[in-house]
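The chain contents come next:
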Amino acid sequence: MIGVDALVVDDAPAVASALAYALTGAGCVVRVATTVDAALVELARRPDVAVVDHCLDRDAAMFRLALVRARVPVLLVSGRDDDPARAVAAAHRWSFLPK
């Protein structure tokens with residue numbers, strides 16, 4: 001994963017930092033956003049991949065639509081290993097990882 005431009009989006013700063021740390025250790029260039037507004041700004045910079053929390057602050061559905069339009073590969077992560085989170089991932093053909 002050396003040199004991969006990864007966008008981490010999680011509204012829990014500690015979780016976002018942990019994900020960023022792991023990805024940086026794998027050689028990625030990581031940008032972190034903890035709000036949908038910040039994530040939209042970072043998405044405009046065209047990351048190679050996005051690691052996105054399923055349950056974000058307001059406008060999460062709008063951000064997911066922006067991800068689809070940008071055609072960015074997504075790993076959807078969630079603290080809830082349930083059908084709705086998996087359904088969102090499946091609907092967009094994204095990978096899913098329970099936290």
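Structure report, in brief. As the structure is a prediction and not an experimental result, all values here were calculated from the model. (Residues numbered from 1 in each chain as written. Predicted model: local features only at pLDDT ≥ 70, side-chain atom pairs only at ≥ 80, totals over all residues. Heavy atoms only, no water.)

Some thoughts on the overall build of the protein chain
Working step 1: Tallying secondary structure elements over the protein chain gives four helices and five strands in all.
Working step 2: Counting from the amino terminus, helix and strand elements in the protein chain follow one another as β-α-β-α-β-α-β-α-β.
Working step 3: Relative to the 2.2 N^0.38 estimate, which gives 13 Å for 99 residues, the radius of gyration of the protein chain is 12 Å and therefore close to what a compact globule would have.
Working step 4: For the protein chain, the spread of C-alpha atoms along the principal axes amounts to about 30 × 25 × 25 Å.
Working step 5: Put simply, the protein chain has 99 residues, and 40% of those count as buried.
Working step 6: Residue pairs at least 24 apart in sequence account for 51% of intrachain contacts in the protein chain once pairs closer than 6 positions are excluded.
Working step 7: When the accessible surface of the protein chain is totalled, it reaches about 5,500 Å², and 59% of it is carbon and sulfur.
Working step 8: Averaging the coordinates of the 11 positive side-chain charges in the protein chain and doing the same for the 12 negative ones gives two points 7 Å apart. (Helix = DSSP H or I, 4+ residues; strand = E, 2+ residues; numbered from the N terminus. Rg over C-alpha atoms; globule rule 2.2 N^0.38 Å. Buried < 20%, exposed > 50% of the residue type's maximum accessible area, 1.4 Å probe, protein only. Contact = heavy atoms within 4.5 Å. Areas by Shrake-Rupley, 256 points an atom, 1.4 Å probe, with all protein chains shown as cover. Lys, Arg positive; Asp, Glu negative; His and termini not counted. Charge placed at Lys NZ, Arg CZ, Asp CG, Glu CD.)

Digging into the pairing of strand β5 (residues 95–98)
Working step 1: With four bridges joining them, strand β4 (residues 74–78) and β5 adopt parallel strand pairing. Directly across from V77, in β5, lies its bridge partner L97.
Working step 2: Taking the sense of rotation as the criterion, the β-α-β connection linking β4, helix α4 (residues 83–92) and β5 turns out right-handed. (Pairing = 2+ DSSP bridges. Right-handed = clockwise from strand over helix to strand, strands pointing away.)

Quick notes on the side chain of H54
Working step 1: Along the chain, H54 falls in the loop between β3 (49–53) and α3 (60–70).
Working step 2: Classification of H54 by relative accessible area gives buried; the value is 13%.
Working step 3: When residues no more than four places from it in sequence are discounted, the contact partners of H54 are R64, L76, V77, S78, P84, A85 and V88.

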